[in-house]
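Commentary on secondary and tertiary structure
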Amino acid sequence: MAMKKCFPLILTLLTVQLFAQRAYFQQDVAYTIEVRLNDSKHELSGFETIVYKNNSPDQLSFIYMHLWPNAYRDNNTALGKQTKEDGSLFFYYSEEEDRGKIDSLDFKVDGTAAVLAYDSIHKDIAKLLLPVPLSPGGQISITTPFRVKIPSGKISRLGHVGQQYQITQWYPKPAVYDQNGWNQFPYLNQGEFYSEFGTYDVFITLPKNYVLGSTGDLQDNPDEKRFLDSLAAATKEIKSYDAKDLVFPESSAQWKTLHYRQEHVHDFAWFCDKRYHVLKGEIELPHTKRKVTTWVMYTNKSAHLWENAIGYMNDAIYYYSLWNGDYAYNACTAVDGALSAGGGMEYPNITVIGGVLSPRMLDLVITHEVGHNWFYGMLGSNERRYPWMDEGINSANEMRYMMTKYPNVKLTEGLPLLKLFDLERYKQKAQYYQLYAFCARQHIDQPDNLPADEYTQINYGSIVYMKSAVAFNYLRAYLGDSIYDKAFQTYFERWKWKHPQPADMKNVFVEVTEKNLDWLFDDLIGTTKQLDYKIAGVKKEADGYVVRIKNCGEINSPVLITAVKDGASMKSVWVEGFAGEKEIQFSGTDYDVFVIDRGEWMPEINRKNNSADAKRIFKKAEPLRLQIIGSLDNPSRTQLFWSPALGYNKYDQFMLGAAFYNYFLPGKKFEWSIMPMYSFGAKTGVGHADAFYHIYPGKIFQQISVGANANSYHYYTLKDTDYPSAATVRPGVPFRFIKIAPEINFDIRKKRARSPISQSVKLRAIWLQTDERIYSPTTWIVNNSSAIAVGYTEVTSSAQRLFYELTYSLDAKRSIHPYDFDVKLQRGDDMMKAQLTANYHVTIKNKAIDIRFFGGVFLDNTNAGPYRFRMSSWGPLGTGNHDYLFDHIFLGRSENDGLFAQQMAVEDGGFKIYSPLGQSATWMSAINLRVPLPGNNWFLKRIKFYWNAGIYEEAGSDFLYEGGVQFSLFGIGNGIFDIYFPLVHSKSIQNYYDVNSLKYGNKIRFVLALETLNPLRIIRKEIF
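All residue numbers here refer to positions counted from 1 along the written sequence of the relevant chain. Local features in this predicted model are restricted to residues of pLDDT 70 or higher, and side-chain atom pairs are both shown and tallied only at a pLDDT of 80 or more, whereas totals for entire chains, interfaces and linings draw on every residue. No hydrogens and no water enter the side-chain calculation; it runs on all heavy atoms of the structure.

**Some points on the overall build of the protein**
Basically, it comes down to this: Strands are runs of DSSP state E lasting at least two residues, helices are runs of H or I lasting at least four, and both sets are numbered from the N terminus onward. Exposed residues in this analysis have more than 50% of their type's maximum accessible area, buried residues have under 20%, and partly exposed residues fall in between, with area computed by a 1.4 Å probe over protein chains only. By definition in these notes, contact holds between two residues if any of their heavy atoms fall within 4.5 Å. For the area figures, the Shrake-Rupley method with a 1.4 Å probe applies, and any residue is considered shielded solely by the protein chains shown.
Each helix and strand counted, the protein has 16 helices and 51 strands in total. A principal-axis box enclosing the C-alpha atoms of the protein has dimensions of 125 × 90 × 85 Å. Out of the 1024 residues belonging to the protein, those deemed buried represent 52%. Contacts in the protein between residues at least 24 apart in sequence constitute 66% of all its contacts with a sequence separation of at least 6. Carbon and sulfur atoms make up 57% of the accessible area of the protein, which amounts to about 44,400 Å² in all.

Printed below as a string of structure tokens:
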């Protein structure tokens, strides 16, 4: 055959070979581990034998080994980088004694020395180079001694707190080799594990008085069994606990060796403490009626919460078995531990639980972690690559468990203050939906099928856990419990003790349900597409109603419509997903309202359009709910939020009013607020208003916000000294300003969601109207041919100004050495200037050296009067018009003396002392430095030394400097309320104070940045 004719056939065969899915296989691993705990050095010494069988079709020349204790070695590990990126800095600043590692390794394969080649990037991954390649079906024995330096339990999951030990991910472990190849990855806090199933025989030697909970069944240790039973009997007799008695007793001089064995698990963990109380229970499984022994172990610290924990264990095992398939092991244990990475952590047969606040929360956390014995333990999906298959499905079961066991518990249960926020309608399941909706409405959510380490911290919770839980409970509502449970039980039996992939799960569910489930597995899980059905109309007919449904969202998923009469559901219909519009027939003639998703099972992004009145042409108007502070969205109410407003400044005096707004959580596309107040000083109305519409383009820009701010207050009061002599008008009349500032903000989409760097561009116009009063002479005295005015008439006029401003901002919210800068171009009133302001924070443990740079140049300055760069921070002192755009809130904007005159806002040169020197209509540059004091007590943490220096041009260049002490009343130098005490400064500045006979007190200035204190805006800004 000619080559030209062969080429298409060869290409076809290659394509088929490359893209055909490899047949499923699974390696087999058997471990024998002997380990000894040294609780004075906090070390483990051990010897490991691994029998590794190659069930793959491939010949293996090496095996990837996970050496995960090396994740605790230094800041350059993946764990070190992740914890730093997440803002947890204990590990970053930890001393050597708090860090961990694994060493003393000496690998042999079938008795022959083997080379261990460490990964060039991740020191907790290595290749074990086999002396002889391992053929398909072949088997080898791998041995090595090892030593583990146990890190502090404050870092992650492996660790100790005193002599309480959490021994997890502690031994050399082969990575999974499956049809996708090797699955080697470094240890991380966010993103968990994927390991080969096998058999474990583990021999643990430790001082005799330790109480130990472990993976596996205790073998041939009758003394230990009697010891645990005696502790369980003694614990039952305890009437009260001393929560302060947490002292570790001396370790026994005698030792014990405990042998644990377990088959069909892919990990082994153990926990021990000499202070543990023990409870023992038993639960009969629903299907096989086999009995499982349950244990809980806890200290005095939270004993009052753990007294009923056996019941939580038994219920969790029973319900998960009932719904998914019976628990496959003989025992299950929960221990109270000093967990730093999350509220709880799962391992085969055992879970460790961190701090919880209430018995019901403990029930929830125990249930979630015990549930991982199904979705992580017996169904060993790759949680690092597909976290939803573990955390998400487990959260759906946890949600169902809480709804089954506590059907009437409300979201406000145990939190009486939440009742003030109109949350009584919400059952506890609402938290799952609301956390998802919070991110989805802001369009900061990520798809549900990403690798674990790609999620932002908030999305790992709100998407992987919460959205997944809502999605699968939505599926359960659609299918009904019987079919839903059959699908999960089939999935469990088919893939138990194996490694299912997403396609494997989907295939089982499609097979069992005989339905197209692309909307779930491809859309809800695979994308950030949003679900939004609305009732577009209701038409009354002779024998019933025609309800017109419109799909306004992006997912063609099933939708539930319910006919309601007198508040009760009369008839519900599931409609298969569709695009566009669809008409649904309802027989019967006596309904009040039709509702989409009345039970709130669906992850509907907008529930405001989910109901319509059955007897009107148009949708029934929702009753108005006036709610103090705020609330979650209530689809059956038109919500108007309000809060009392109290303000003060020198000219308006006290201001009293109220703020009305429509935004709270989880947020809206159109948000507005208005805050009218009465000024007791000016005897008139003042206030603030804003309105913004948010657009989510989804590509270049994360969000575009179009809107405006408006403010009107008073900024100056006439005094006797402001009048010409013999003036005929009274002093005390306040001047008003009105500011309207339309703007458009572009938040630039991040290339990587976890990136700490955010960028934005803002374009705004500022229209200002300010009062001016002119005094025209009306009475003259002629003296020696000269005229002197002695009578005046007040003439009121208004001055109007218009400015334009373009700002590019970059903010790198890194945990270590964060920085930010903005570049601003401003035009208005015969003036145009460009400036750069940059901040860099040199992080030193929990303190920082702050460096600020300012540089600016006027490109045009015909009117050089008010528009100058100033070396001094802006404030009332001097002319009082530094803040010519009225961007800052000053208590005494136009004061030249007194306390209010010493308020400032850090702008331009950033000097803290006031001086009329250092003004320029051409250019200026300055540097500001703040250095913290050593020490961590409340007082010392709030003190910093500052030093500022700058140069400017005004009739020649000049250099100025100053230095002093800053004290921060709230926070640590956060710019909300800081007081500055100057100690040194340029001689020319001192001359100004000497000439004007000003005392030291006039040099002290303070920052009170009230414009930054909108709590809701702060919360959302920090999260996003």
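That covers the picture; the talk isn't over yet.
**Re the packing of helix α6 (residues 309–324) against helix α7 (residues 359–371)**
What counts here: Helix axes use the C-alpha atoms of the stretch in contact, all axes being lines fitted to C-alpha atoms, and the angles between their N-to-C directions lie in the range 0 to 180 degrees. Every angle not falling under 35 degrees, over 145, or within 65 to 115 is termed oblique; those three ranges are roughly parallel, roughly antiparallel and roughly perpendicular. If you view the pair so one helix is near and one far, a crossing is left-handed when the near helix is turned anticlockwise from the far one by less than a right angle, and right-handed when it is turned clockwise. Residues are grouped as follows: Ala, Val, Leu, Ile, Met, Phe, Trp, Tyr, Cys and Pro are nonpolar; Asp, Glu, Lys and Arg are charged; all remaining types, including Gly, are polar.
Close contact between α6 and α7 brings their axes to 9 Å; oriented N to C, the two are set at 45°. With respect to their mutual orientation, α6 and α7 come out oblique. Here the hand of the crossing between α6 and α7 comes out right-handed. Contacts between α6 and α7 involve Ala-309, Tyr-312, Met-313, Ala-316, Ile-317 and Tyr-320 from the first element and Pro-359, Leu-362, Asp-363, Ile-366, Thr-367, Val-370 and Gly-371 from the second. Of the residues belonging to the contact of α6 with α7, the class tally is ten nonpolar, two polar and one charged.

**Concerning the sheet that holds strand β10 (residues 159–161)**
Test applied: Any two strands with at least two DSSP-identified bridges between them are counted as paired.
Across the sheet, four strands lie side by side as β10-β11-β19-β16; this open sheet has antiparallel pairing. In the strand order of this sheet, the two ends are held by β10 and β16 (211–214), each with one partner. Along the sheet, successive strands turn relative to each other by an average axial angle of 10°, direction set aside. Relative to strand β19 (residues 270–273), strand β11 (residues 164–167) is paired through three bridges, and the arrangement is antiparallel. The partner of Ile-167 across the bridge, within β19, is Trp-270.

**With respect to the side chain of Asn-948**
Here is the rule we go by: In protein, a polar contact means a hydrogen-donor-capable atom and an acceptor-capable atom, both N or O and within 3.5 Å, with residues adjacent in sequence counting only if both atoms are side-chain atoms; elsewhere, any N or O pair within 3.5 Å suffices.
As for its placement among the helices and strands, Asn-948 is situated in strand β48 (residues 943–953). A polar atom in the side chain of Asn-948 sits 3.1 Å from the side chain of Asn-928. Only 2.6 Å separates the side chain of Asn-948 from the side chain of Glu-962, close enough to count as a polar contact. If sequence neighbours within four positions are ignored, Asn-948 has contacts with Gly-910, Phe-911, Lys-912, Ile-927, Asn-928, Leu-929, Leu-960, Tyr-961 and Glu-962.

**Describing the environment of Gln-653**
Structurally, Gln-653 is set in strand β34 (residues 653–661). With 103 residues separating them along the chain, Gln-653 and Pro-756 place their C-alpha atoms 42 Å apart. Contact partners of Gln-653, with chain neighbours within four places excluded, come to Gly-647, Tyr-648, Phe-680 and Gly-681. Within polar-contact distance, the side chain of Gln-653 engages the backbone oxygen of Lys-650 at 2.6 Å.

**Focus: the packing of helix α10 (residues 430–441) against helix α11 (residues 457–479)**
Two elements in contact, α10 and α11, have axes whose closest approach is 8 Å; the angle formed by their N-to-C orientations is 130°. Between α10 and α11, the interaxial angle falls into the category oblique. At the point where α10 passes α11, the crossing takes the left-handed sense. Every residue of α11 that contacts α10 at Tyr-432, Tyr-433, Leu-435, Tyr-436, Phe-438 and Cys-439 is listed here: Ile-458, Asn-459, Ser-462, Ile-463, Met-466, Lys-467, Ala-469 and Val-470. Its residues assigned to classes, the contact of α10 with α11 shows eleven nonpolar, two polar and one charged.

**A look at the pattern of salt bridges**
Stated formally: For this analysis, a salt bridge means a side-chain nitrogen from Lys or Arg found within 4 Å of a carboxyl oxygen belonging to Asp or Glu.
Enumeration over the complete set of coordinates arrives at 43 salt bridges. The closest approach of N and O atoms between Asp-229 and Lys-280, which form a salt bridge, is 3.0 Å. Residue Asp-229 is located in helix α4 (residues 222–236), and its partner Lys-280 is located in strand β20 (residues 277–284); the two are separated by 51 residues in the primary sequence. Take Asp-229: its relative accessible area is 34%, and that puts it in the partly exposed class. For Lys-280, a relative accessible area of 36% translates into the label partly exposed. In this structure, Asp-523 and Lys-529 form a salt bridge, with 3.5 Å as the shortest nitrogen-oxygen distance. Given the relative accessible area of 17%, Asp-523 is considered buried. For Lys-529, a relative accessible area of 32% puts it in the partly exposed group. A cluster of three or more residues bridged by salt bridges with shared partners is formed by Glu-43, Lys-101, Asp-103 and Arg-147.

**A few points about the pairing of strand β41 (residues 819–828)**
In the sheet, β41 pairs with strand β42 (residues 831–844) via ten bridges, with the strands oriented antiparallel. The residue bridging Asp-822 from the neighbouring strand is Thr-837, located in β42. Once β41 ends, the chain turns through two residues before running back antiparallel as β42, passing Asp-829 with a positive phi of about 50°.

**Some details on a nonpolar patch on the surface**
To keep it simple, the criterion reads: Note on patches: the residues involved have over 30% relative accessible area and no salt bridge, like charges join within 9 Å, and the nonpolar side chains Val, Leu, Ile, Met, Phe, Trp and Tyr join within 5 Å.
Side chains of Leu-929, Val-931, Phe-945, Trp-947, Phe-981, Leu-983, Val-984 and Tyr-1000 sit close together on the surface and give an oily, nonpolar patch of about 690 Å² of accessible area. Of all the secondary structure elements, the ones that give two or more residues to the nonpolar patch are β47 (923–932), β48 and β50 (977–985). Looking at which element gives the most residues to the nonpolar patch, the answer is β50, with three residues. Looking at the element boundaries, Leu-929 is found in strand β47.

**Here's the deal with unusual backbone geometry**
A positive phi angle is found at His-264, which is not glycine, with a value near 60°. Turning to its location among the elements, His-264 is positioned in strand β18 (residues 255–265). Unusually for a residue other than glycine, Asp-597 sits at a positive phi of about 55°. Looking at the secondary structure, you find Asp-597 in the loop between β30 (593–596) and β31 (611–613).

**Regarding the environment of Arg-598**
Looking at the element boundaries, Arg-598 is found in the loop between β30 and β31. Among the residues examined, Arg-598 registers a relative accessible area of 34% and is labelled partly exposed. Residues Arg-598 and Ser-195, spaced 403 residues apart in sequence, show a C-alpha to C-alpha distance of 43 Å. Leave out the neighbours within four places in its chain, and Arg-598 touches Thr-562, Val-564, Gly-567, Ala-568 and Ser-569. Polar side-chain contacts of Arg-598 include one of 2.8 Å to the backbone oxygen of Gly-567.

**Some words on the nonpolar core**
The line we're drawing: Buried residues of nine kinds, namely Ala, Val, Leu, Ile, Met, Phe, Trp, Tyr and Cys, make up a nonpolar core once their side-chain atoms join them within 4.5 Å.
Grouped together as the largest cluster of nonpolar side chains are 163 residues, with contacts concentrated most on Trp-170, Trp-270 and Phe-472. Element by element, the count of residues in this core is highest for α11, at nine residues. Residue contacts for Phe-472: discarding those within four places in its chain leaves Trp-388, Ile-393, Ala-396, Tyr-484, Phe-488, Met-505, Leu-520, Phe-521 and Ile-525. Of all hydrophobic cores here, the second largest spans 33 residues; its members include Tyr-867, Phe-911, Tyr-914 and Met-924.

**Some remarks on the packing of aromatic side chains**
Counted only if it meets this: The pairing test for Phe, Tyr and Trp rings, Trp by its six-membered ring, is centres within 6.5 Å, and the orientation test on the planes gives stacked under 30 degrees, edge-to-face over 60, and tilted for anything in between.
As enumerated under the stated definition, the model contains 77 aromatic pairs in all. Taking the centre distance of 5.4 Å and the plane angle of 85° together, the rings of Tyr-24 and Trp-495 count as edge-to-face. Remark: Trp-495 occurs in helix α12 (residues 481–495) and Tyr-24 occurs in the loop between α1 (3–19) and β1 (28–38); sequence separation between them is 471 residues. With relative accessibility at 30%, the residue Tyr-24 sits in the partly exposed group. Using a relative accessible area of 12% as the deciding quantity, one classes Trp-495 as buried. Relative to Phe-1006, the ring of Phe-977 has its centre 6.2 Å away and its plane inclined at 65°; by these criteria the two rings are edge-to-face. Of this pair, Phe-977 sits in strand β50 while Phe-1006 sits in strand β51 (residues 1005–1008), and the two are 29 residues apart along the sequence. A residue is classified by how much of its surface remains accessible, and Phe-1006, at 11% relative accessible area, is buried. Here a set of aromatic residues connected by ring pairs shows up, and it is made of Phe-375, Trp-388, Phe-472, Tyr-484, Phe-488, Tyr-491, Phe-509 and Phe-521.

**Regarding the sheet that holds strand β23 (residues 344–347)**
The strand order across the open sheet formed by five strands is β20-β21-β22-β24-β23, and the pairing between neighbours is mixed. The open sheet has two edge strands, β20 and β23, and neither has a second partner. When strand polarity is set aside, the average angle formed by the axes of neighbouring strands in this sheet is 15°. Bridge count for β20 against strand β21 (residues 291–298) is eight bridges, and the pairing is antiparallel.

**Re the confidence of the model for the protein**
Do not read the fine detail of predicted coordinates wherever pLDDT is low. Stated formally: Scored from 0 to 100, pLDDT reflects the predictor's confidence in each residue.
Averaged over the protein, the pLDDT score is 90; the fraction of residues at 70 or greater is 91%. Counted against residues more than four places away or in other chains, residues 1–20, with its pLDDT under 50, gives one contact. Confidence drops under pLDDT 50 across residues 1018–1024; counting only partners more than four residues distant or on other chains, this segment forms 14 contacts.

**So, the side chain of Lys-149**
As for its placement among the helices and strands, Lys-149 is situated in strand β9 (residues 139–149). A polar contact is formed between the side chain of Lys-149 and the backbone oxygen of Glu-97, at a distance of 3.4 Å. Apart from the residues lying within four places of it in its own chain, the contact partners of Lys-149 are His-42, Glu-43, Glu-96, Glu-97, Asp-98, Arg-99, Gly-100 and Lys-101.

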